[in-house]
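Take a look at the letters that make up each chain.
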Amino acid sequence: MKQQVKLSTFSFISTIACLVLLIGCTFIIPEIEWQIGWSIFVVIMLIISLCYMPMSIGADENAIYINRSLKIKAIPMTDVVSVKLCPPTMGAIRVCGSGGFLGYWGWFKERDLGKYFAYYGKASDCFLVELSNGHKYMLGCQNAPEMVEYIAKQIKK
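Heads up: these notes are all about the structure in this document. Bear in mind that the values here come from a model prediction, so they are computed numbers and not experimental data. (Residues numbered from 1 in each chain as written. Predicted model: local features only at pLDDT ≥ 70, side-chain atom pairs only at ≥ 80, totals over all residues. Heavy atoms only, no water.)

**Regarding the sheet that holds strand E10 (residues 136-140)**
Line of reasoning, step 1. As summarised here, the arrangement of the six strands in space is E5-E9-E10-E8-E7-E6, forming an open sheet in which the pairing is mixed. The outermost strands of the open sheet, each flanked by one partner alone, are strand E5 (80-85) and strand E6 (93-100). Each adjacent strand pair in this sheet contributes to an overall mean axis angle of 20 degrees, direction not counted.
Line of reasoning, step 2. Along the sheet, helix H3 (residues 144-156) makes contact with E5 and strand E9 (126-131), crossing E5 at roughly 155 degrees. (Pairing = 2+ DSSP bridges. Helix = DSSP H or I, 4+ residues; strand = E, 2+ residues; numbered from the N terminus. Axes fitted to C-alpha atoms, helices over the stretch in contact; angles between N-to-C directions. Contact = heavy atoms within 4.5 Å.)

**Some points on the pattern of salt bridges**
Line of reasoning, step 1. The full count for this structure, using the stated rule, is one salt bridge.
Line of reasoning, step 2. The partner of Glu149 in a salt bridge is Lys153, and the shortest N-O contact between them spans 3.6 Å. One end of the pair, Glu149, and the other, Lys153, are both in helix H3, four residues apart, so they sit about a helical turn from each other.
Line of reasoning, step 3. Residue classification places Glu149 among the partly exposed residues on the basis of a relative accessible area of 48%. (Salt bridge = Lys/Arg side-chain N within 4 Å of Asp/Glu carboxyl O. Buried < 20%, exposed > 50% of the residue type's maximum accessible area, 1.4 Å probe, protein only.)

**What to know about the nonpolar core**
Grouped burial of nonpolar side chains is what soluble globular proteins tend to show.
Line of reasoning, step 1. Ile57, Ile64, Phe127, Val129, Tyr137, Leu139 and Ile151 are the most contacted members of the largest nonpolar core, which has 25 residues in total.
Line of reasoning, step 2. Looking at this core, the elements that each hand over two or more residues are strand E2 (54-59), strand E3 (63-68), E5, strand E8 (114-120), E9, E10 and H3.
Line of reasoning, step 3. Counting residues per element, this core draws most heavily on H3, which supplies four residues.
Line of reasoning, step 4. Phe108, Leu113, Tyr120 and Met138 belong to the second-largest nonpolar core, a separate cluster that totals ten residues. (Core = buried A, V, L, I, M, F, W, Y, C linked by side-chain atoms within 4.5 Å.)

Rendered as structure tokens:
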């Protein structure tokens, strides 16, 4: 099973605005050395962001796959303890990551859930995966209830 990650309106607009601002700043800088330095910074930042940007979430009997722009992360089903629908709250604190630029990804912390790593585009499409080692992942994709049901069946096997 595989489901696409759709960005929220806020995430889409903030991504476009940041890209326009970052690229626009390149042409405002008068010195060519600073333009080159800034351009290198922007490219590095985009590569790092693309390594984490969630594109889709997939699952089979072996693992949950977080398909990112430049990498695929696999979470073995044998490590999954539980899965449940669980949108993040407005009280989530971003520890390190993106709060909308190319989606929501990185370390977040909430009072009720504790610390977790997130990969999602819309808060309404989220579910929480807890692993046997205590790590938590907030994942999000279209048809999240179907994905949760599928993963729950796989971990019961």
